[in-house]
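# Fold and contact review
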Number of protein chains: 2
Amino acid sequence: MNLLYRLLAHRTAQLCIENPCYLGASFLFQGTGKKICPVPVDEDGLRVEELPQNKGSLLYVTPSHQFPTGATLSLKRRIGLLRWAEETDSLIIEDDYDSDFRYDGPPLTALAGLDRSRNVFYMGTFSKSVGAGLRLGFAVLPPEYWDKARVLKAQMSNGQSWLEQAALADFLGQGHFDRHLRRLRQVYKARRDCLVKALHDNFECPVLSGTAAGLHLTWRLPQDSPPASLIQIKARERGVGVYSLRSGASFDFNPSARDELLIFGYSSIREDDIVAAVADLRRLLRADNGKESPQRSTRRSRAR
Amino acid sequence: MNLLYRLLAHRTAQLCIENPCYLGASFLFQGTGKKICPVPVDEDGLRVEELPQNKGSLLYVTPSHQFPTGATLSLKRRIGLLRWAEETDSLIIEDDYDSDFRYDGPPLTALAGLDRSRNVFYMGTFSKSVGAGLRLGFAVLPPEYWDKARVLKAQMSNGQSWLEQAALADFLGQGHFDRHLRRLRQVYKARRDCLVKALHDNFECPVLSGTAAGLHLTWRLPQDSPPASLIQIKARERGVGVYSLRSGASFDFNPSARDELLIFGYSSIREDDIVAAVADLRRLLRADNGKESPQRSTRRSRAR
């Protein structure tokens, strides 16, 4: 992301970013000193009609599985986004950080795959599929950017450890990566199913998003819920990790917004533990609302 | 180096750097937009008396084996340098990039080891001793900088590949690194001896520096020699890699200076090949000076 930003920074007057967004992207953009336009996200992803209309923006966007809300950018908005880039002479960084994991529905075409004007710079990572400790990702660039990208990479870190790159190249070339992904998708889908079921079993009609793909989902808490940040702290005391938008890997440019989104990562938690953690969360929320009951509560009463 | 620079940039108004210097450092400093003061180097290293006297500088320096000249900073100048830092409220980055390899004379105390005022930030690398493809180095910082350094590293690259770090920690902890260094020092010392002898055998009293340590040495060419850049090009055509100050890993801020320094890296060349390459260089320089002789030349006539 650093590399793509530096590659494109000279062409961009202002930086547009989804809100809420990935913390790493907000750090990067906030460190540049340029004007930042946070653009709101809803259940169909980035609200394209709220993008600025002045020329020369750089937009960072996560269309497949918006981070952190999990929304998928609708086809209509994808087309609108590409038109915006053309009309405003803007560039787009498409971060397809977890597209290896899609459990429901047809495969998605990346924004870069729909782009006919070469305004979209696609990036991906092996952090989700193989391991974040590798520090390996990739970008897809038009050939005229290759030399500059090489020079920038040399200036930034003088290259990347060779061993992981060589091993990963073999892993991909010999077909192991595909098999690994198929197996992982099964494991993660089972965990996703388990988490969704546990949330439905323990809470009344939870409003979930981002369930179709990726390694996390979000729950829009009901109106009378305590704020997500408070739930995060209380849950942590019980050994359960759930996250508000203002912590973990996400960032919210709108500090006055209602703190109602709770993020669940499930990729590294066994199903038994998921069931136990969600049950624990139910007890926590019930206690927090002062409705502790000596009787076993019914499912309907558990959420509030 | 990037990390140290960013850690200290807020405290520094201007950037001082050895001239000639390491190319990577010149890239880093030139990319900052700050004022740069190149400070000349002679056979005793950085000319400390030419440092600027205004407050708040950051100096990048390679005292053990100046890159690229190979000069060792004298003790008198080390003391002068530390006094300069105190008096001008300046900070020093000491890059001890090849101090694992010292063949002659007593061990050197690092500048950071003499520093009582905590103005020196020491950095080292495993690129020379284990392999540049690891991308692993280290810095020694006062504890009050640790948290900021962690945050900066996270922002720059989100951490470093874990596998090399874990393997290297074992390699160090189990004593293999020390044994490895002892063995490498023998190999490199033999190559250094071979190169120095070959240069003396083929050229008349070559003025060499940087022979006591490191993995490269430099030859200050005689007055009537062709420029180092030309020798580099001609030697390359014959498959021999020698470098001027304006190429390879070094940089010269003074483009009008006489191009008289030729750099020889010897760590990865077998002794047979060193002997053959230097003999080839002699033939090249003789031919270049138009003094090709049908007779075998004597040693005296070979250099010019």
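Summary of the structure given here. (Residues numbered from 1 in each chain as written. Chains lettered and ligands numbered in written order. Predicted model: local features only at pLDDT ≥ 70, side-chain atom pairs only at ≥ 80, totals over all residues. Heavy atoms only, no water.)

Another point: the interface of chain A and chain B. On the chain B side, the residues contacting the 17 residues of chain A number 17 residues. A buried area of about 1,300 Å², summed over both sides, lies between chain A and chain B, and 38% of it is on carbon and sulfur atoms. On the chain A side of the contact with chain B, A:Arg135, A:Gln155 and A:Ser161 bury the most area, a combined 34% of that side's loss. At the boundary of chain A with chain B, the tally comes to 0 salt bridges. At the boundary of chain A and chain B, one finds 13 residue pairs in polar contact (both at pLDDT 80 or more). Contributions of two or more residues to the side of chain A that touches chain B are made by α1 (2–8), α6 (146–157) and α7 (162–173) of chain A. Its residues assigned to classes, the side of chain A that touches chain B comprises 6 nonpolar, 8 polar and 3 charged. (Contact = heavy atoms within 4.5 Å. Buried area = accessible area lost by both parts, 1.4 Å probe. Salt bridge = Lys/Arg side-chain N within 4 Å of Asp/Glu carboxyl O. Polar contact = N/O pair within 3.5 Å; in protein donor to acceptor, adjacent residues only side chain to side chain. Helix = DSSP H or I, 4+ residues; strand = E, 2+ residues; numbered from the N terminus. Nonpolar A, V, L, I, M, F, W, Y, C, P; charged D, E, K, R; others polar.)

Residues and elements named next belong to chain B. Strand order in the open sheet made by the 3 strands is β9-β10-β12, with antiparallel pairing throughout. The open sheet is flanked by β9 (207–209) and β12 (261–265), the only strands paired with a single partner. The average undirected angle you get between the axes of adjacent strands in this sheet is 25°. Here strand β10 (residues 216–220) runs beside β12; their pairing, made up of 5 bridges, is antiparallel. In the strand pairing of β12, His-216 is matched with Gly-265. (Pairing = 2+ DSSP bridges. Axes fitted to C-alpha atoms, helices over the stretch in contact; angles between N-to-C directions.)

Next up on the list: the relation of the copies chain A and chain B. It takes a turn of 180° to lay chain A on chain B, together with a shift of 0.0 Å along the axis; the resulting RMSD is 0.0 Å. Such a turn and shift between the copies fits a two-fold axis. Looking at the rotation axis and the C-alpha trace of chain A, the residue lying nearest is A:Ser161, at 3.6 Å. Residue by residue, 100% of the interface of chain A is reproduced at the interface of chain B, so both copies engage with the same surface. (Least-squares fit on C-alpha atoms with pLDDT ≥ 70 in both.)

On to the sheet that holds strand β8 (residues 137–140) of chain B. Two pairing modes exist for strands in a sheet, parallel and antiparallel, and in both the strands are linked by backbone hydrogen bonds. Residues and elements named next belong to chain B. Strand order in the open sheet formed by 7 strands is β4-β3-β1-β5-β6-β7-β8, with mixed pairing between adjacent strands. Looking at strand neighbours, the two that pair on one side only are β4 (45–46) and β8, the edges of this open sheet. With 4 bridges connecting them, strand β5 (residues 57–61) and strand β6 (residues 91–95) associate as parallel partners. Each residue of the ladder has a partner; that of Val-61, found in β6, is Glu-94. Contacts from helix α2 (residues 23–30) reach β1 (14–19), β3 (35–42) and β5 within the one sheet, and its direction differs from that of β1 by about 160°. Across the sheet, helix α3 (residues 75–88) lies against β1, β3, β4, β5, β6 and β7 (120–125), angled at about 155° from β5, the strand it touches most.

For soluble globular proteins, nonpolar side chains are generally found buried alongside one another. Formed by 34 residues in total, the largest nonpolar core has its most connected members in A:Leu199, A:Trp219, A:Leu262, A:Phe264 and A:Leu281. Of all the elements in the fold, those that place two or more residues in this core are α8 (176–202), β10 (216–220), α9 (228–237), β12 (261–265) and α10 (271–288) of chain A. A total of 9 residues in this core trace back to one element, the largest contributor, which is α8(A). A:Leu262 has contacts with A:Leu217, A:Thr218, A:Trp219, A:Leu221, A:Ala228, A:Ile231, A:Val242, A:Tyr243 and A:Leu281, leaving out every residue within four places of it along the chain. The next biggest cluster of nonpolar side chains, apart from the first, holds 33 residues, and it includes B:Leu181, B:Val196, B:Ile231 and B:Phe264. (Core = buried A, V, L, I, M, F, W, Y, C linked by side-chain atoms within 4.5 Å. Buried < 20%, exposed > 50% of the residue type's maximum accessible area, 1.4 Å probe, protein only.)

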